[in-house]
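# Understanding the architecture of this molecule
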Amino acid sequence: MQINSLMKKIKEGLLRDYDKEVDRASVQEVHNVVAKIAITEISKAWHESENRFNTNRHAYFLSAEFLMGRAVQNNLICMGIYDEVKEALNQLGFDINKFEEIEDMALGNGGLGRLAACFLDSAASVNVPLKGYGIRYKYGLFKQKIEEGFQKEYADNWTSFGDEWSLRRFEDSIKIRFKDIEVLAVPYDMPIIGYENDNIGTLRLWQSEAIEDFDFDLFNNCKYDEAIRNKTIAENISAGLYPNDNTYEGKILRFRQQYFFSSASLQDLIRKYKELHGKDFSKLVSLNTIQLNDTHPVIAIPEFIRLMTLENNVEFDDAFNMAKEIFNYTNHTVMAEALEKWDVNLVKDLVPEVYEVIEKINEKLIEELTDLKVKKEDLDKYEVIKDNQVHMARLATYIGKYINGVAEIHSEILKKDTLKEWYEIYPDKFQNKTNGITQRRWLASCNKELTELYSRLLGDKSFLKDLSKLKELEKYSENKDIIDEFIQIKKNKKRELIDYIYKHEGIKLEEHFILDVQIKRLHEYKRQFMNALSILDIYFRLKDGELKDFTPTAFIFGGKAAPGYARAKAIIKFINEIADLINNDKDVQDKLKVVFVQNYNVSYAEKLIPGANVSEQISTAGTEASGTGNMKFMLNGAVTLGTYDGANIEIVREAGEENNYIFGATEEEVLRIKDSYDPVEIYNKDKHIKRVIDTLVDGTFSDGYEEEEVTEVKDGVEEATDENIEKEEIETVEEKLIEGTFKELYYALLKGTHWHKADHYFILNDLERYFNARIKLSNDYKNEYEFARKCFINSVNAGFFSSDRTIKEYAEEIWKL
Ligand SMILES: *Cc1c(COP(=O)(O)O)cnc(C)c1O
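Residues numbered from 1 in each chain as written. Predicted model: local features only at pLDDT ≥ 70, side-chain atom pairs only at ≥ 80, totals over all residues. Heavy atoms only, no water.

## Some words on the overall build of the protein
Along its length, the protein carries 34 helices and 23 strands. In terms of C-alpha radius of gyration, the protein reaches 27 Å, essentially the compact-globule figure of 28 Å for 817 residues. By principal-axis analysis of the C-alpha atoms, the protein measures approximately 80 × 75 × 65 Å. Looking at the protein residue by residue over its 817 residues, the buried ones come to 62%. Nonlocal contacts in the protein, meaning residues at least 24 apart in sequence, comprise 77% of its contacts between residues at least 6 apart. In the structure as shown, the protein presents an accessible area of about 32,300 Å², 47% of it carried by carbon and sulfur atoms. Side-chain charges of the protein comprise 110 positive and 146 negative groups, with the mean position of each set lying 4 Å from the other. (Helix = DSSP H or I, 4+ residues; strand = E, 2+ residues; numbered from the N terminus. Rg over C-alpha atoms; globule rule 2.2 N^0.38 Å. Buried < 20%, exposed > 50% of the residue type's maximum accessible area, 1.4 Å probe, protein only. Contact = heavy atoms within 4.5 Å. Areas by Shrake-Rupley, 256 points an atom, 1.4 Å probe, with all protein chains shown as cover. Lys, Arg positive; Asp, Glu negative; His and termini not counted. Charge placed at Lys NZ, Arg CZ, Asp CG, Glu CD.)

Shown next, in the form of structure tokens:
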């Protein structure tokens, strides 16, 4: 596009929509006008892409979450007009970087939702016909502030300045019927712009609205609240994203959300099919395939059969067989607390016809298992309806044509453990699809300097379409000039990050510090707690002079805790207490800094990742399905300090274990020691470990627990922290005395609770090895050049982790497109 014509359009747009000249317009207003221009520009290509999509075999991606982040920079880059728009705005006196004030679209919690976003981007860019279906939550993931060291949550009203990248398609609305209410699902379509091609995909998000949202009779009788009762009830369904990551909550509203978007998406798909092919459904499964992103949309399976049988006159057996062809299921976790099971009564009460279908599916399952000679006493392990609950993962595994995990280790765990009995009878269903990330956002958009270097060395930007090309750059790892340039780029990105953190958190970091970053949802299994304890250990060892020559390091944390997850919130407070202690201690100012950044989200990740030296990926082996944050860091030239877990294993396979810092128990070790594991033994034996764990109860830190009540429990605590503590002694402390969240953390580590054993994520088991890996890293970093070489080798070997590769594997091996 011509710069002059762009300037003209922007000026006209601002006058037309806001009656303003550029200098008076707000950032949001300028943004909205630019978005409108872009949408107009792509509208023809979008329309043509949708026609192509419908006429050939295509795939649907059903996901309760899409963590899209900010659209504007990415979209302009993919359209190939970023530089022109930047220049046009510049000439109008507007700095394009101000778009960093634009709200993120945060309709997801973490990795699962971001994966969905990366997949759509990749599918559009590599011409895989994929359409996303989800929920248009009015409020996305809460905004986080840290106040007095505590997490506070605020509503994320992300559309308050409009939603210019979406189009409301009211004419495509669909009715969704629950037993008690009927609502309207209104679609909003967002274009997914392929990178420098003419392919535009679609993300269709459903918003729940009332069919009749206003009752005049009631209004005229002055019953104002009642007059809009329908509206309130209906709009509740898509009002908010549940803020839980890897946990399941059996809430009615959550079930309504799942059914709402699953049914709307299927009805949309079937309607489109009928428009083109009439009521002959013989081609339905050869033209359509559906990917279920975790169990959240699994209710789509019985809903599909219900729609085909009750609303389209298809025989049950035929509909059942179609379901077995059309659905595929991706499992995202082995965490028991995340496996969805719905109460039979809840399902029956809300969608009785769907429940009847589930019963029939269960009957089919029992028949099939009997044919397969599964023993009667083993049927329990398979049944979809068991103990008055509907087991969603079982339903998905039974009906799904293909089932996949998201990293090699994870897919193996599914086969040998989580879904073992299913693998025994249906081995051919099981696949692995190692996750990936889109290099358009996680390199081109967030690290223009590194993109520039790689384009120059490779001669073009084709690696933005085929990331495996980076491998050709490995030869430069021996080239001093190139590594020096690479070092300079990292320094620039560090400086940018340091400024950004200063602006947002008020803490000044220094460039010569190692920037060691752990950013992800706050979860016990991800072990931010272990990181915190280890930092404290380093601090004490610096203070008492035991640790010399430690390379100055800034430890950066970011991540949200589910609002109801008390222990995760306690860990945030603990990290902030440590930060307070360390950042205010003059003795260590030249060695240590700790920052917990507020409101970690996609846009913050785009700042943190290019500036990081060290990527913390320290989950207990066997708990993180894949991780995708690890891949983003690798691509941007950070080393991984991590465990043998998730995709870390594949990362070091690609980039070399010698270029990363892998430590700690393997999954095999964890399984081996599990039953006999005794953290108290380690605590008693290792004075360093004892010292840091005791800070939880010896008054070093405050968790904000009321003074008076603290005195009450004091006796018990003093007893428990005595020098010669024995396990038995800890157990004598009554559980009711555990008041105050730091004490709760203390007992979780050393004693356990009625719902888990002591230190169930094996933190103490890994702490020493973690410390040793950190010291090795700290020493290696002193050789700036050698360390940068490691970083460079990681970056140029990240090709495998492009979501373009992942999406092509889905397209070929699961969707058969
Ligand atoms: C990539 C990403 C995640 C996933 O991070 P993991 O370290 O893999 O858990 C979560 N949140 C945001 C905002 C992300 O960009």
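## Describing the packing of aromatic side chains
In this structure the tally under the stated criterion is 34 aromatic pairs. Between Phe214 and Phe216, the aromatic rings sit 5.0 Å apart at their centres with planes inclined by 90°, giving edge-to-face as the arrangement. Residue Phe214 is classed as partly exposed on the basis of its relative accessible area of 33%. Phe216 sits in the exposed class, given a relative accessible area of 55%. Relative to Phe281, the ring of Tyr273 has its centre 5.8 Å away and its plane inclined at 20°; by these criteria the two rings are stacked. Judged by relative accessible area, Tyr273 falls into the buried class, the value being 4%. Among the residues examined, Phe281 registers a relative accessible area of 10% and is labelled buried. Pairwise contacts between aromatic rings join Phe316, Phe320, Tyr382, Tyr398, Trp422 and Tyr426 into one cluster. Above the face of the Phe320 ring, Lys364 is positioned so that its terminal group lies 5.1 Å from the ring centre. Against the face of Phe800 rests Arg805, its NZ or CZ located 3.9 Å from the ring centre. (Phe/Tyr/Trp six-rings, centres within 6.5 Å; stacked < 30°, edge-to-face > 60°. Lys NZ or Arg CZ within 6 Å of the ring centre and 35° of its normal.)

## Describing the nonpolar core
By size, the foremost hydrophobic cluster in this structure holds 274 residues, and its most contacted members are Tyr454 and Ile693. Of the residues forming this core, the biggest block, 12 residues, is contributed by helix H2 (residues 27–55). The contact partners of Ile693, leaving out residues within four places of it in the chain, are Leu533, Tyr683, Tyr746, Leu749, Leu750 and Leu764. (Core = buried A, V, L, I, M, F, W, Y, C linked by side-chain atoms within 4.5 Å.)

## A closer look at the sheet that holds strand E14 (residues 385–386)
The strand order E13-E15-E14 describes an open sheet built from 3 strands, whose pairing is antiparallel. Either end of the sheet is taken by a strand with one partner, and the two such strands are strand E13 (341–343) and E14. Across 3 bridges, the pairing between E13 and strand E15 (residues 389–391) is antiparallel. Residue pairing for E15: Lys341 is matched across the bridge by His391. The sheet strands contacting helix H15 (residues 392–399) are E13, E14 and E15, and the helix crosses E15 at an angle near 45°. (Pairing = 2+ DSSP bridges. Axes fitted to C-alpha atoms, helices over the stretch in contact; angles between N-to-C directions.)

## Comments concerning a nonpolar patch on the surface
On the surface, a nonpolar cluster with roughly 480 Å² of combined accessible area is contributed by Phe214, Phe216, Phe219, Tyr224 and Ile228. Within the fold, Phe214 resides in the loop between strand E10 (200–210) and helix H6 (216–220). (Patch = residues over 30% accessible without salt bridge, like charges linked within 9 Å, V, L, I, M, F, W, Y side chains within 5 Å. Salt bridge = Lys/Arg side-chain N within 4 Å of Asp/Glu carboxyl O.)

## Here's the deal with the side chain of Ser802
Take Ser802: it is sitting in the loop between helix H33 (784–796) and helix H34 (803–814). When near neighbours in sequence (up to four residues on either side) are disregarded, Ser802 contacts Gly436, Ile437, Gln439 and Leu467.

## Considerations on helix H3 (residues 72–79)
Most of H3 sits out of view: 8 of its 8 residues are buried. All of the buried residues along H3 are Val72, Gln73, Asn74, Asn75, Leu76, Ile77, Cys78 and Met79. Looking at the buried residues of H3, the elements they touch are H2, helix H4 (82–91), helix H5 (111–125), strand E9 (182–193), helix H18 (439–445) and helix H19 (448–458). Gly80 lies just past H3 and shows a positive phi near 75°.

## A short note on the pattern of salt bridges
Tallying each qualifying case throughout the model produces 67 salt bridges. Glu606 is paired through a salt bridge with Arg441; the nearest N and O atoms lie 2.8 Å apart. Within this pair, whereas Glu606 is found in helix H23 (residues 602–611), its partner Arg441 is found in helix H18, the two being separated by 165 residues in sequence. Glu524 is paired through a salt bridge with Arg567; the nearest N and O atoms lie 2.7 Å apart. Residue Glu524 is located in the loop between strand E18 (514–519) and helix H21 (528–543), and its partner Arg567 is located in helix H22 (residues 566–583); the two are separated by 43 residues in the primary sequence. Accessibility assignment for this pair places Glu524 and Arg567 in one class, buried. Where salt bridges share partners, they join Arg169, Asp172, Asp189, Arg204, Asp268 and Arg271 into one cluster.

## Remarks on the UniProt feature "modified residue: N6-(pyridoxal phosphate)lysine" (unreviewed entry) in the protein
According to UniProt, the feature "modified residue: N6-(pyridoxal phosphate)lysine" (unreviewed entry) maps to Lys632 in the numbering used here. The topology assignment puts Lys632 in helix H24 (residues 629–635). Lys632 sits in the buried class, given a relative accessible area of 7%. With residues near it in sequence (within four places) discarded, Lys632 still touches Arg114, Ile437, Trp442 and Ile609. (UniProt positions renumbered as here; feature names shortened; annotations may be inferred.)

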